[in-house]
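In case you want the letters, here they are:
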Amino acid sequence: MTPSQRTRFYFPAWGDAAKRRGWLMMDGRLLADLAAPLWLAPEHPLSDLLPQIHAHARTLATDAGRAPKPDDLRHGCTIALLGRNKSSNAFTNAEVDRHVALFRLLAAPDDLNALRAYLEPEHAQRLRYLRACRFLATDAYILAIARDKFGPPDFEPPFWENLRLPHLSQLLLTLRHRQPTKHQPATPEPEPELYPEMERAGEPF
């Protein structure tokens with residue numbers, strides 16, 4: 001995970017989720033009651049995920065000889081998603097996307113966009129490619145490159161946004177390798193803003 005991903009996406013999304021779920025410390029104890037009923041529809045993904053997150057957080061806290069803290073719940077999310085604990089510093093782009101999607105769902109379980117982002121992991125990756133391409137070039141320039149690189153049945157002009165993910169990846173790589181023009185600023189590519197800006201919260205690990 002890059003510093004930009006950390007400060008713009010991961011920890012802000014975690015901070016919002018922790019605040020909305022009461023995963024905060026007050027008077028030396030966790031504000032939320034992890035044993036409280038979930039009140040979620042059985043088919044909602046959090047119906048299975050939240051008990052797992054709570055259980056992993058309790059295990060981490062027990063191993064440390066103390067009561068659960070917010071960071072135990074954050075790492076509980078990681079274990080629930082990846083099957084093992086892992087420092088956020090070592091997350092891949094896909095793992096960052098997956099965590100942010102989960103955090104957004106935890107913050108707003110009834111939000112259809114958050115639900116889609118969690119249930120369709122490729123959606124976040126597609127958004128990343130599209131925004132990165134549009135940062136490097138205009139739509140007209142991107143379309144010209146797409147026409148040159150791809151043909152039927154992979155590409156139906158002018159809808160380059162509908163290319164399959166491997167082809168979008170190739171398209172982005174081509175744009176990055178092209179000589180900078182007035183349509184392609186010679187500046188570092190920022191992290192695409194897939195998620196809303198929120199106040200940073202959390203710890204570096």
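Let us look at the structure shown here.

Scoring rules and cut-offs
- Residues numbered from 1 in each chain as written.
- Predicted model: local features only at pLDDT ≥ 70, side-chain atom pairs only at ≥ 80, totals over all residues.
- Heavy atoms only, no water.
- Axes fitted to C-alpha atoms, helices over the stretch in contact; angles between N-to-C directions.
- Helix = DSSP H or I, 4+ residues; strand = E, 2+ residues; numbered from the N terminus.
- Parallel < 35°, antiparallel > 145°, perpendicular 65-115°, else oblique.
- Left-handed = near helix turned anticlockwise from the far one by under 90°.
- Contact = heavy atoms within 4.5 Å.
- Nonpolar A, V, L, I, M, F, W, Y, C, P; charged D, E, K, R; others polar.
- 1 Å grid on protein atoms, 1.4 Å probe; cavity = no way out; pocket = protein on both sides within 12 Å on 5 of 7 lines; lining within 4 Å.
- Points joined across faces, edges and corners; volume = space filled by probe spheres on them.
- Patch = residues over 30% accessible without salt bridge, like charges linked within 9 Å, V, L, I, M, F, W, Y side chains within 5 Å.
- Areas by Shrake-Rupley, 256 points an atom, 1.4 Å probe, with all protein chains shown as cover.
- Salt bridge = Lys/Arg side-chain N within 4 Å of Asp/Glu carboxyl O.
- Buried < 20%, exposed > 50% of the residue type's maximum accessible area, 1.4 Å probe, protein only.
- Phe/Tyr/Trp six-rings, centres within 6.5 Å; stacked < 30°, edge-to-face > 60°.
- Lys NZ or Arg CZ within 6 Å of the ring centre and 35° of its normal.

**With respect to the packing of helix α1 (residues 3-21) against helix α3 (residues 70-82)**
Next, step 1: Taken N-terminus to C-terminus, the directions of α1 and α3 make an angle of 120°; their axes are 11 Å apart at the nearest point. One way to sum up the angle between α1 and α3 is to call them oblique. In this structure, α1 meets α3 at a crossing whose hand is right-handed. Note on element contacts: α3 touches α1 through Pro-70, Leu-73, Arg-74 and Cys-77, opposite Tyr-10, Phe-11 and Trp-14.
Next, step 2: Looking at the contact of α1 with α3, its residues break down into 6 nonpolar, no polar and 1 charged.

**Considerations on the layout of surface pockets**
Where empty space is left in the structure can be found by rolling a water-sized probe over the atoms.
Next, step 1: In this structure, the second largest pocket spans a volume of roughly 160 Å³.
Next, step 2: Lining the second largest pocket are 12 residues; nearest its centre among them are Asn-93, Ala-94, Asp-97, Pro-121 and Gln-125.
Next, step 3: Looking at the lining of the second largest pocket, its residues break down into 7 nonpolar, 2 polar and 3 charged.

**Let's talk about a nonpolar patch on the surface**
Next, step 1: A surface patch of nonpolar side chains, amounting to about 250 Å² of accessible area, comprises Leu-24, Met-26 and Leu-31.
Next, step 2: Relative to the elements of secondary structure, Leu-24 occurs in the loop between α1 and β1 (25-26).
Next, step 3: On the basis of relative accessibility, which here comes to 35%, the residue Leu-24 falls in the partly exposed class.

**Side note on unusual backbone geometry**
Next, step 1: Of note in this structure, Asp-27 is not a glycine but carries a positive phi near 55°.
Next, step 2: Following the sequence through the fold, Asp-27 ends up in the loop between β1 and β2 (29-30).
Next, step 3: Overall, the relative accessible area of 76% leaves Asp-27 in the exposed class.
Next, step 4: Positive phi values are uncommon outside glycine, yet Trp-39 reaches one of about 55°.
Next, step 5: Among the secondary structure elements, Trp-39 is positioned in the loop between β2 and α2 (45-63).

**Side note on the packing of α3 against helix α4 (residues 93-107)**
Next, step 1: Closest axis-to-axis distance for the α3/α4 pair is 11 Å, and the angle between their directions is 120°. The orientation of α3 relative to α4 falls into the category oblique. In this structure, α3 crosses over α4, and the sense of that crossing is right-handed. Where α3 abuts α4, its residues Arg-74, Cys-77, Thr-78, Leu-81 and Leu-82 lie against Glu-95, Arg-98, His-99, Leu-102, Phe-103 and Leu-106.

**Concerning the packing of aromatic side chains**
Next, step 1: All chains considered together, the criterion is met by 5 aromatic pairs.
Next, step 2: A centroid spacing of 4.9 Å and a plane angle of 80° characterise the contact between Tyr-10 and Phe-11, whose relative ring orientation is edge-to-face. By the burial criterion, Tyr-10 is buried, and Phe-11 matches it.
Next, step 3: Joined through ring pairs, the aromatic side chains of Tyr-10, Phe-11, Trp-14, Trp-23, Phe-91 and Phe-103 make up one cluster.
Next, step 4: Stacked on the ring of Tyr-118, the Lys or Arg Arg-98 has its end atom at 4.1 Å from the ring centre.

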